[in-house]
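The lines below spell out each chain.
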Amino acid sequence: MADENWNPKIIAIICNWCSYAGADLAGGARIQYPPDIRAIRVMCTGRIDPLFILKAFQDGADGVLVSGCHFGDCHYLEGNFKAAKRMFLLKSVLKNIGLDDKRLRMTFVSASEGAKWGSVMTDVVKTINELGPSPLKEFAK
Amino acid sequence: MAEVKNKEARIGVFLCHCGTNIAGTIDIEAVKEYAKTIPNVVVADNYAYMCSTPGQNKIADAIKEQNLTGVVVAACTPRLHEPTFRNATKAGGLNPFRFEMANIRDQNSWVHMHQPEEATSKAKDAVRIAVAKASLLEDLVPKSVPVEKTAMVVGGGVGGMQAALDLANAGIKTYLVEKNPTIGGRMSQLDKTFPTLDCSQCILTPKMVDVYRNENIELLTYTEVEAVEGYIGNFDVTLRKKARGVITPAEAEARGIVGGGCTGCGDCATVCPVIKPNPFELGMAPRKAIYIYHPQVSPLIYTVDFDACVKCGLCVESCGEKKAVDLDMKDELMTVKVGTVVLALGYDIFPIEKKFEWGYKNYDNVITSLEFERLICASGPTGGHLVRPSDGATPKRVAFVLCAGSRDNTGVGKPYCSRFCCMYSLKHAHQIIEKIPGVVPYIFYMDIRSFGKMYEEFYYRIQDEGAKFIRGRVANILEDPKTKNLHVNAEDTLLGRPVDMEVDLVVLAAAIQPAAETEKTRRLFGVSCSQDGWLLEAHPKLNPCGTTTAGVYLAGVCQGPKDIPDTVAQAEGAASAASIPIHRGEVELEPYFAQCMEDKCAGCGMCVPQCPYSALALVEKDGRTVMQVTEAKCKGCGTCGGFCPGGAIWMQHFATPQIIAQIDAFLLGGEQ
């Protein structure tokens, strides 16, 4: 790990209906998890243009989490399927530009899975801490 | 789609303490001072409860005084108070969609309770991100759509019947869809109800008749939901009317058979040679291949079980001139348009044989409480005489095993409390004491949960009547192969010693679980479920009848275990909620529609198949091919916007520049 003062900057783009609700539920249950992730709410993970994620990495993000509904549970029927396909493709792009594809993760957390949201948060922070700062950080401005 | 003028943005930031919920962890003063340094912020304020009237007034006043173009409230979650603060924004004279919320409670102070510094820093980031978005928000106008003046209730148990009756009596044409050949549901299988000991059928069958006779209810039994399209106010529900093999008098008239159709006389069943177990009696009594569940069914129309029918034609012959039996009938699909939907899908009994240590299905004299209901019921297979299945003898020692599969963290059973088993087991104890002289009921319990009105009093009464209570979970049940008696092994946790009780009959108060069709049906309507499969309400406290799908409401056990009074109460609540949009005549849809930016659109059409609602189409406009959105079909998911290779789709309220601004604000702005 490079810098002792380094704290990972991780952005989570999550869907309104499942993962955002699951994150709220984790709050209601007072499940404690590391405070390194900032969430942006969209209505559906299908809304997530891969360019948003590339922009986040360009801005120096150490990790990006995309979280939506379980397959078959999407509020908009199949937005999460389409998001998952895009994330799968995007991971290979990340590898090609020299980023570890573990820096991008897609999870499926339902509105009733507060505890799972807590463990996802903990696990993502652990993964990014192990990977260290993003190599793109120095180019970010 | 307005051109966004970032430079002119004037944002007000309002921080909520939520008592100590937020302020107990996050340094509100520090966040407020920080907020004042964020670009575009012209005012930052805080208050103990922003959602209260004085808090909302602060927002409205600041909008007028500071001529704000956008409002940020850092408080709980938009899923709770976004509507509240949108109203406050509107009260200040600003378009309500110029409001953005920063979640600093549910996703911050509550989950980082022991890290105040990090939580404060996260709150600063959250405010900065929200300001970035608020600076780019635009005026939006919700779209009003007319509401179809009809409703649908799925499930014809006591909850569904009550909801349908309430809707119908409020003047709304209601379709009541039931998968079984009759309405009545679980309640019609019960003998008596606790704590009043009313005969279940006696209070239920009049309601069944009311439903059948109500002019505003179209009763669709033996029918299942096949597909659902549309949105609140305009659902198109496709129903599968399963081939019943028997026609009603009305259908007969339509076919030109004068005075024909099923009258429920039963001549057909008398001659039918095929015998099958009756599922209504849990397989403990026979029925024919042409059958009714029980004499009180509604509608009183026979049904052919085509899986069992050998098509001998004896029933057709015996029906004679009525010509009610049609063995060539096929399933029919029909589509109805409804404004709102109530789901009352009910429950199934947990397959308690999975808890093999209790020997259900292995030992003859271990039965479930629903089987007990049928055996003790005067109209049941034994005419109300409780007998041991092994030898038909009357049991003198009966053990009731509570929490059978409920409150079970072994992974085999269910972790939740099924809520009504304690009370019906007390009722069962009373019933055998009443019917069998000298009988002793032994109730093995963990806790007796007698939570309702007059329930605790009923518990005392059963204690006085002589039921024996043993506090301890039953470890296993063993059968004496000669006598078929059962040895119930448990620990009496009050006396601190093991118990080995020999009894004649064991009744397992089996857990309940969502009905088998729940999963399929909820997906058709886009309703979420909780971890154990019960349907998820919109808010556990403040919106227990609603769902996250606008226009779809919940009634009864499908939302979580509850007894009959609670089911009926929730059904009335759901019916009331479902009638509101219909009586208003129109609903406002959140204006998160996709818009095509025609100057950027290349007309490639790749977005069109992305839309799950067929809201997008290519059209010719000024000699070019461009995409066009049908707003009424668009639900605002943004899947097209996330895909368009040219960035030509503007997702209102979640536009690309707005989201990029949020990302930049987090990663490039603020304290690096």
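Residues numbered from 1 in each chain as written. Chains lettered and ligands numbered in written order. Predicted model: local features only at pLDDT ≥ 70, side-chain atom pairs only at ≥ 80, totals over all residues. Heavy atoms only, no water.

1. Here we look at the overall build of chain B
To be explicit about the condition: Helix and strand assignments follow DSSP, with helices taken as H or I runs no shorter than four residues and strands as E runs no shorter than two, numbered in order from the N terminus. A 1.4 Å probe rolled over the protein chains alone gives each residue an accessible area, and that area as a share of the maximum for its type sets the label: buried under 20%, exposed over 50%, partly exposed in between. With residues, only the protein chains shown are counted as cover, and all accessible areas are computed by Shrake-Rupley using a 1.4 Å probe. Neither His nor the chain ends contribute to the count of charged residues, in which Lys and Arg are positive and Asp and Glu negative. Taken as the charge centre is NZ of Lys, CZ of Arg, CG of Asp or CD of Glu, depending on the residue.
When helices and strands are tallied, chain B shows 16 helices and 34 strands. Every one of the 672 residues in chain B was classed for burial, and the buried ones make up 57%. Of the roughly 27,700 Å² of accessible surface on chain B, 51% is carried by carbon and sulfur atoms. Across chain B, the mean location of the 69 positive side-chain charges is 1 Å away from that of the 78 negative side-chain charges.

2. A look at helix α2 (residues 53–66) of chain B
All names here are of chain B. Short version of the rule: A helix is expected to span 1.5 Å for every residue after the first. The arc in question is formed by the directions pointing from the helix axis toward the C-beta atoms. It only takes one pair of heavy atoms within 4.5 Å for two residues to be counted as in contact.
Spanning 14 residues, α2 covers 20 Å between terminal C-alpha atoms, matching the ideal 20 Å at 1.5 Å per step. Listing the buried residues of α2 in full gives Gly55, Ile59, Ala60, Ala62 and Ile63. Looking straight down α2, one finds that the buried residues subtend no more than 160° of arc, so they occupy a single side. α2 presents Thr53, Lys64 and Glu65 as exposed residues on the side facing more than 90 degrees away from its buried surface. Packed against the buried residues of α2 are β1 (11–16), β2 (41–47), β3 (70–75) and α3 (78–91). Asn67 sits one or two residues past α2 and shows a positive phi near 55°.

3. A short note on the side chain of B:Asn108
All names here are of chain B. With respect to the secondary-structure elements, Asn108 resides in helix α4 (residues 105–109). Of the residues examined, Asn108 reaches a relative accessible area of 1% and is grouped as buried. Apart from residues lying up to four places away in sequence, Asn108 is in contact with Ile26, Asn103, Ala119, Lys122 and Ala123.

4. So, the state of the cysteines
Two cysteines whose sulfur atoms are joined by a covalent bond form what is called a disulfide. All names here are of chain A. What counts is decided by this rule: When the sulfur atoms of two cysteines come within 2.5 Å, that pair is taken as a disulfide.
Tallying each qualifying case throughout the model produces 2 disulfides over all chains. Linked covalently through their sulfurs, Cys18 and Cys69 form a disulfide whose S-S length is 2.3 Å. Its torsion about the S-S bond being 100°, the disulfide of Cys18 and Cys69 is classed as right-handed. One end of the pair, Cys18, is in the loop between β1 (10–15) and α1 (19–28); the other, Cys69, is in the loop between β3 (63–68) and α3 (79–96), and 51 residues separate them in sequence. A single burial state applies to Cys18 and to Cys69, both of which are buried.

5. Brief notes about the pairing of strand β4 (residues 99–103) of chain B
Residue and element names in this part refer to chain B. Quick note on the threshold: When DSSP finds two or more bridges between two strands, those strands count as paired. A crossover gets the label right-handed when its path from the first strand over the helix to the second runs clockwise, viewed with the strands pointing away from the viewer.
Within β4, 5 of the 5 residues are buried, which leaves it mostly tucked inside the rest of the structure. Here β4 shows a buried face lined by Phe99, Met101 and Asn103 and a second buried face lined by Glu100 and Ala102. Sheet analysis places β3 next to β4, joined by 5 bridges and oriented parallel. Within the sheet, the bridge partner assigned to Val72 lies in β4 and is Glu100. Between the parallel pair β3 and β4, the chain is carried across by α3, and the sense of this crossover is right-handed.

6. Details of the interface of chain B and chain A
Much of the literature gives interface size as the accessible area that the parts lose upon coming together. Test applied: Definition used for salt bridges: Asp or Glu carboxyl oxygen within 4 Å of a side-chain nitrogen of Lys or Arg. Pairing of N or O atoms within 3.5 Å defines a polar contact, subject to two protein rules: one partner must be a possible hydrogen donor and the other a possible acceptor, and residues neighboring in sequence count only if both atoms are side-chain atoms. Note on residue classes: Ala, Val, Leu, Ile, Met, Phe, Trp, Tyr, Cys and Pro are nonpolar, Asp, Glu, Lys and Arg are charged, and everything else, Gly too, is polar.
Across the boundary between the two partners, chain B contributes 54 residues, which contact 51 residues of chain A. Joining chain B to chain A, the criterion identifies 6 salt bridges. For B:Asp125, the salt bridge is made with A:Arg38, and the minimal N-O distance between the two is 2.7 Å. Our count for the chain B to chain A interface comes out at 24 residue pairs in polar contact (both at pLDDT 80 or more). Counting residues per element, the ones that place at least two in the side of chain B that touches chain A are α3, α4, α5 (116–134), α14 (518–525) and α16 (656–667) of chain B. The biggest single contributor to the side of chain B that touches chain A is α16(B), with 8 residues. Grouping the amino acids of the side of chain B that touches chain A by side-chain chemistry returns 22 nonpolar, 22 polar and 10 charged.

7. Some thoughts on the pattern of salt bridges
Enumeration according to the criterion identifies 49 salt bridges over all chains in this entry. The partner of A:Arg41 in a salt bridge is B:Glu82, and the shortest N-O contact between them spans 2.9 Å. Placement of A:Arg41 in strand β2 (residues 37–42) and of B:Glu82 in helix α3 is noted, with the two residues assigned to different chains. The pair formed by A:Arg41 and B:Glu82 is uniform in burial state, with each residue classed as buried.

8. Points about the environment of B:Ile649
Residues and elements named next belong to chain B. Inspection of the secondary structure assignment puts Ile649 in strand β34 (residues 649–651). Residue Ile649 is classed as buried on the basis of its relative accessible area, which comes to 5%. Residues Ile649 and Leu190, spaced 459 residues apart in sequence, show a C-alpha to C-alpha distance of 57 Å. Leave out the neighbours within four places in its chain, and Ile649 touches Ala594, Gln595, Met597, Cys607, Met627, Cys640, Gly641 and Cys644.

9. Examining α3(A)
Residues and elements named next belong to chain A. With 18 residues, α3 ought to run about 26 Å at 1.5 Å a step, and its terminal C-alpha atoms sit 26 Å apart, in line with that. Among the residues of α3, Gly79, Asn80, Lys82, Ala83, Ala84, Arg86, Met87, Leu90 and Leu94 are the ones counted as buried. On the buried face of α3, the contacting elements are α2 (50–58), β3 and β4 (104–108).

10. Some words on the sheet that holds strand β6 (residues 150–154) of chain B
Two strands in a sheet stick together by hydrogen bonds in their backbones, pointing the same way (parallel) or opposite ways (antiparallel). Residues and elements named next belong to chain B. Put simply, the rule reads: Whenever a helix is involved, its axis is fitted only over the stretch in contact; in every case the axis is a line through C-alpha atoms, and angles between N-to-C directions fall within 0 to 180 degrees.
Strand order in this open sheet of 5 strands is β10-β7-β6-β18-β29, and the pairing throughout is parallel. Edge strands, defined here as strands with exactly one partner in the open sheet, are β10 (217–220) and β29 (552–554). Across this sheet, the average inter-strand angle for adjacent strands is 20°, counted without regard to direction. Packing of helix α6 (residues 158–169) onto the sheet brings it into contact with β6, β7 (173–177), β10 and β18 (340–343), and relative to β7 it is tilted by some 165°.

11. Topic: the packing of aromatic side chains
Residues and elements named next belong to chain B. Convention followed: For Phe, Tyr and Trp, where Trp contributes only its six-membered ring, two rings pair if their centres lie within 6.5 Å, and the inter-plane angle classes them as stacked under 30 degrees, edge-to-face over 60, or tilted in between.
Summed over the entire model, instances satisfying the criterion amount to 15 aromatic pairs over all chains. Note on Tyr592 and Phe654: the rings are 5.4 Å apart at their centroids and 85° apart in plane angle, and the pair reads as edge-to-face. One end of the pair, Tyr592, is in the loop between β30 (586–589) and β31 (594–596); the other, Phe654, is in the loop between β34 and α16, with 62 residues separating them in the sequence. We classify Tyr592 as buried; its relative accessible area is 4%. Among the aromatic residues, those joined into a ring-pair cluster are Tyr445, Tyr459, Tyr460 and Phe469.

12. Comments concerning the packing of helix α1 (residues 28–35) of chain B against α5(B)
Residues and elements named next belong to chain B. The condition is simple: Definitions for this section: a left-handed crossing has its near helix turned counterclockwise from the far helix by less than a right angle. A right-handed crossing has that turn clockwise.
Packing of α1 against α5 leaves a shortest axis separation of 10 Å and a crossing angle of 35°. α5 is crossed by α1, and the crossing has right-handed handedness. Listed contacts from α5 to Ala30, Val31, Tyr34 and Ala35 of α1 are Thr120, Ala123, Lys124, Val127 and Arg128. Across the contact of α1 with α5, the residue classes tally to 6 nonpolar, 1 polar and 2 charged.

13. Here we look at the packing of α2(A) against α3(A)
Residues and elements named next belong to chain A. Where α2 meets α3, the closest approach of the two axes is 10 Å, and the angle between their N-to-C directions is 35°. Considering only the axes of α2 and α3, their crossing is right-handed. Two secondary-structure elements touch here, α2 through Pro50, Ile53, Leu54 and Phe57 and α3 through Arg86, Met87, Leu90 and Leu94. Looking at the contact of α2 with α3, its residues break down into 7 nonpolar, no polar and 1 charged.

14. Section: the nonpolar core
Worth spelling out the cut-off: Side-chain atoms within 4.5 Å link the members of a nonpolar core, which is a set of buried Ala, Val, Leu, Ile, Met, Phe, Trp, Tyr and Cys residues.
Counting residues in each nonpolar core, the largest one holds 54 residues, and the members touching the most others are A:Ile53, A:Val64 and A:Leu104. B:Cys16, B:Cys18, B:Ile59 and B:Val71 belong to the second-largest nonpolar core, a separate cluster that totals 43 residues.

15. A closer look at the side chain of B:Ser450
All names here are of chain B. For Ser450, the location among the structural elements is in the loop between β22 (440–445) and α13 (455–465). Judged by relative accessible area, which is 9%, Ser450 ranks as buried. There is a polar contact of 2.3 Å between the side chain of Ser450 and the side chain of Glu456.

16. Some thoughts on the pairing of β4(A)
Residues and elements named next belong to chain A. Looking at chain direction, β3 and β4 are connected through 5 bridges and run parallel. Within β4, the position partnered with Leu65 by the bridge is Arg105. In this fold, the crossover linking β3 to β4 by way of α3 has right-handed handedness.

17. Focus on the confidence of the model for chain B
All names here are of chain B. Our working definition: Every residue is assigned a pLDDT by the predictor, reflecting its confidence on a scale from 0 to 100.
With 99% of its residues at a pLDDT of 70 or more, chain B shows a mean pLDDT of 94. Segment residues 1–5: pLDDT under 50, and 8 contacts once partners within four positions in sequence are set aside and those in other chains are kept. Reported confidences for the modelled complex are a pTM of 0.87 and an ipTM of 0.97.

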